[in-house]
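# What the coordinates show
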Amino acid sequence: MDRKHLEKQFTDKVKNSQGIVHKVCHMYGKNEDHRKDLFQEIMVQLWRSFPSFRGESQFSSWMYRVALNVAIQDFRKIKKRELIFFKSYEFMDVEDVAYDPTKDEQLRTLHQAIGHLDKLDKAIIMLHLDGNGNEIIGDIVGITPNYVRVKMNRIKKKISEKIKD
Amino acid sequence: MELVELKSIWHLINADISKNDFVEDKILIETIHMKSETEVGKIRRALLFKLVIGGLVTLVGAALLMGIFIAPQKFNTLDFMFSPKETILFYCTLIVSLTAMLLFNYRAYQKVDAAETQALPLKKSLDMVIEAMKKAMNFNIYSDAFMSPVIITWLFYGYAYREDSFSWDWRMLVLAISPFVIGVFAFYVQRYSQKLKFGNYVNKLETYRDELLEENKS
């Protein structure tokens, strides 16, 4: 298959499911630059891994795996590199002041509740909030559904403790 | 706050993402052709660089070696240092050492490349990346510890005996000791350098991997 054809196939598949990547970026990005950088990095890795997608799992599960692997294994210092997109629309920064008040409040609440969790817990809660069952979460994370349940209970406890504080 | 409340906020944010954050095909294509800046990407590129340079040097060395056999006077490019026999021996050592190094280099490269391009579950991916990073780091350490003495000892030999033939004196003692000393020195310098570059990264990945191994304890 030639490159152009593969690119077309890739973009056709990814463009409708790109919300997954944006959600991961919102979850793991420390600020706007980091989120944009993460988006680009995830896209690069999705493209590099695309030949390994054989349709054995759902495309969304495959995307989650790649996106979360990049986000969890990313410890780079945030530095500005050429960012070629989002010129018209800027991600909202939780550390910034000027927000759309409604969205600002929603993001703030969300980050207050789960911002303190470690990277793996964030992955599990994100998959849970997205409506995935323990089976699918276990499949993406690589642990048993039973252990997902254990992890979820611990995460819920951490969240309620944080909210109380 | 209950999870139900978080879920409703999450849905609102998702709706907003679909409305505002989605990018067009053209931008997606531009994005996928950018260079990866991850640690794994960096170490993969470093291995590829060594593979290409090592491959080229081996090919040039092999061509010169063949040239010496065909026309010794014309192709003895190191005649200011070595006799034709010594040059042949030097090239043979270089080619054998580099070929062995390239073989290990290629295996480490394959491992790192696979870790990057296989969409594995998080736990397996962490295992694979940790293993690939350690393999690549070890390759960098041992290849330097092996190649540095080979090249430096040969260069010292060429310089020390440039005016007279081989004889048993202090130079011989230096020749006998230097590979060991240079090898040990190169090993520690490279080990320190690799730890500095990638040690913290691998440690952090191991922490996450161990957290997922907790399953066995609970």
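Given the structure is predicted, the values throughout are model-derived calculations rather than measurements. (Residues numbered from 1 in each chain as written. Chains lettered and ligands numbered in written order. Predicted model: local features only at pLDDT ≥ 70, side-chain atom pairs only at ≥ 80, totals over all residues. Heavy atoms only, no water.)

## Some details on the overall build of chain A
Rules: Helix and strand labels come from DSSP, where a helix needs a run of H or I of at least four residues and a strand needs a run of E of at least two; each type is numbered from the N terminus. Burial here depends on accessible area, computed with a 1.4 Å probe over protein chains only, as a share of the maximum for the residue type. Under 20% is buried, over 50% is exposed, and the range in between is partly exposed. Residue contacts are defined here by distance: any two heavy atoms, one from each residue, within 4.5 Å place the two residues in contact. All accessibility values rest on the Shrake-Rupley procedure with a 1.4 Å probe; residue burial counts only the protein chains present in the view.
Counting its secondary structure elements, chain A contains 8 helices and 0 strands. Reading chain A from its N terminus to its C terminus gives the helix and strand order α-α-α-α-α-α-α-α. Within chain A, the fraction of its 165 residues that count as buried is 55%. Once local pairs closer than 6 in sequence are excluded, the contacts in chain A between residues at least 24 apart make up 68%. Accessible surface, chain A as shown: approximately 7,600 Å² in total, 49% of it carbon and sulfur.

## A short note on the side chain of Lys-122 of chain A
Residues and elements named next belong to chain A. The condition that has to hold: Charge counting treats Lys and Arg as positive and Asp and Glu as negative, with His and both chain ends excluded. Counted as salt bridges are all cases of a side-chain nitrogen of Lys or Arg within 4 Å of a carboxyl oxygen of Asp or Glu.
Checked against the element boundaries, Lys-122 lands in helix α6 (residues 119–129). Buried within the structure, Lys-122 lacks any salt-bridge partner; its nearest side chain of opposite charge belongs to Asp-118, at an N-O separation of 8.4 Å. Beyond its immediate chain neighbours, meaning those up to four positions away, Lys-122 contacts Met-27, Tyr-28, Ile-114, Gly-115 and Leu-117.

## Side note on the interface of chain A and chain B
It is common to give the size of an interface as the accessible area lost on bringing the parts into contact. Note the following rule: Once two parts are brought into contact, the accessible area they lose, counted with a 1.4 Å probe and summed over both, makes up the buried area.
Counting residues at the interface gives 70 residues for chain A, matched by 52 residues for chain B. Summing the contributions of chain A and of chain B, the shared interface buries around 5,800 Å²; its carbon and sulfur component is 66%. If you look at where chain A meets chain B, you find 4 salt bridges. Taking the shortest distance from any N to any O, the salt bridge between Glu-211 of chain B and Lys-151 of chain A comes out at 3.1 Å.

## Side note on a nonpolar patch on the surface
Residues and elements named next belong to chain B. Put simply, the test is: Like charges are joined within 9 Å and nonpolar side chains (Val, Leu, Ile, Met, Phe, Trp, Tyr) within 5 Å, but only among residues with over 30% relative accessible area and no salt bridge; these make up the patches.
Side chains of Leu-173, Ile-177, Phe-180, Val-181, Val-184 and Tyr-188 sit close together on the surface and give an oily, nonpolar patch of about 610 Å² of accessible area. Its location among the elements puts Tyr-188 in helix α7 (residues 170–213). Take Tyr-188: its relative accessible area is 48%, and that puts it in the partly exposed class.

## Remarks on the environment of Asn-69 of chain A
Counting through the fold element by element, Asn-69 of chain A comes out in helix α4 (residues 59–72). Separated by 13 residues in the primary sequence, Asn-69 of chain A and Glu-56 of chain A have C-alpha atoms spaced 19 Å apart. If near-sequence neighbours (up to four positions away) are discounted, Asn-69 of chain A is found in contact with Tyr-64 of chain A together with Leu-120, Leu-122 and Ser-125 of chain B.

## Some points on helix α1 (residues 3–17) of chain A
The following threshold applies: The span you would expect from a helix comes to 1.5 Å times its residue count less one. Whenever a nitrogen or oxygen atom comes within 3.5 Å of another N or O atom, the pair is scored as a polar contact, on the condition that within protein one atom can donate a hydrogen and the other can accept it, and that pairs from neighbouring residues in sequence are kept only if both atoms are in side chains.
Here α1 of chain A is 15 residues long and its end C-alpha atoms lie 21 Å apart, about the 21 Å a rise of 1.5 Å per residue gives. Every buried residue of α1 of chain A is listed here: Glu-7, Phe-10, Thr-11 and Val-14 of chain A. On its buried side, α1 of chain A packs onto α3 (32–49) and α4 of chain A together with α2 (25–32) of chain B. The N-cap of α1 of chain A, judged by a side-chain oxygen 3.1 Å from the amide nitrogen of Lys-4 of chain A a few residues on, is Asp-2 of chain A.

## Structural notes on the packing of aromatic side chains
Quick note on the threshold: Any two of the Phe, Tyr and Trp rings considered here, Trp counted by its six-membered ring, make a pair once their centres fall within 6.5 Å; the pair's planes then place it as stacked at under 30 degrees, edge-to-face at over 60, or tilted in between.
Going through the model one piece at a time under the given rule, you end up with 15 aromatic pairs over all chains. With 5.2 Å between their ring centres and 75° between their planes, Phe-10 of chain A and Phe-50 of chain A make a pair best called edge-to-face. Here Phe-10 of chain A is found in helix α1, whereas its partner Phe-50 of chain A is found in the loop between α3 and α4, with 40 residues between them in sequence. The class for Phe-10 of chain A is buried, based on a relative accessible area of 0%. Classification of Phe-50 of chain A by relative accessible area gives buried; the value is 6%. Look at Phe-82 of chain B and Phe-90 of chain B: their rings are 5.4 Å apart centre to centre, the planes differ by 40°, and that puts the pair in the tilted class. Residue Phe-82 of chain B is classed as buried on the basis of its relative accessible area, which comes to 3%.

## Brief notes about the packing of α6 of chain A against helix α1 (residues 3–20) of chain B
Our working rule: Here an axis means a line fitted to C-alpha atoms, over the contact stretch when the element is a helix, while the angle between two N-to-C directions is reported on a 0 to 180 degree scale. Roughly parallel here means an angle under 35 degrees, roughly antiparallel means over 145, roughly perpendicular means 65 to 115, and every remaining angle is called oblique. Residues are sorted three ways: Asp, Glu, Lys and Arg are charged, Ala, Val, Leu, Ile, Met, Phe, Trp, Tyr, Cys and Pro are nonpolar, and all the rest, Gly among them, are polar.
It is the contact of α6 of chain A with α1 of chain B, at a shortest axis distance of 10 Å, that shows an interaxial angle of 75°. When the axis of α6 of chain A is compared with that of α1 of chain B, the two are roughly perpendicular. Every residue of α1 of chain B that contacts α6 of chain A at Ile-125, Met-126, His-128 and Leu-129 of chain A is listed here: Leu-3, Leu-6, Lys-7, Trp-10 and His-11 of chain B. Residues of the contact of α6 of chain A with α1 of chain B, tallied by class, amount to 6 nonpolar, 2 polar and 1 charged.

## Comments concerning the confidence of the model for chain A
All names here are of chain A. Rule in force here: In predicted models, pLDDT denotes the confidence assigned by the predictor to each residue on a 0 to 100 scale.
A residue-level look at chain A finds 80% of positions with pLDDT of 70 or above and a mean pLDDT of 81. Ranking the elements of chain A by mean pLDDT puts helix α5 (residues 101–114) last, at 72, and helix α7 (residues 134–141) first, at 93. Per-residue pLDDT stays below 50 along residues 84–99; that stretch engages in 49 contacts with residues further than four places along the chain or on separate chains.

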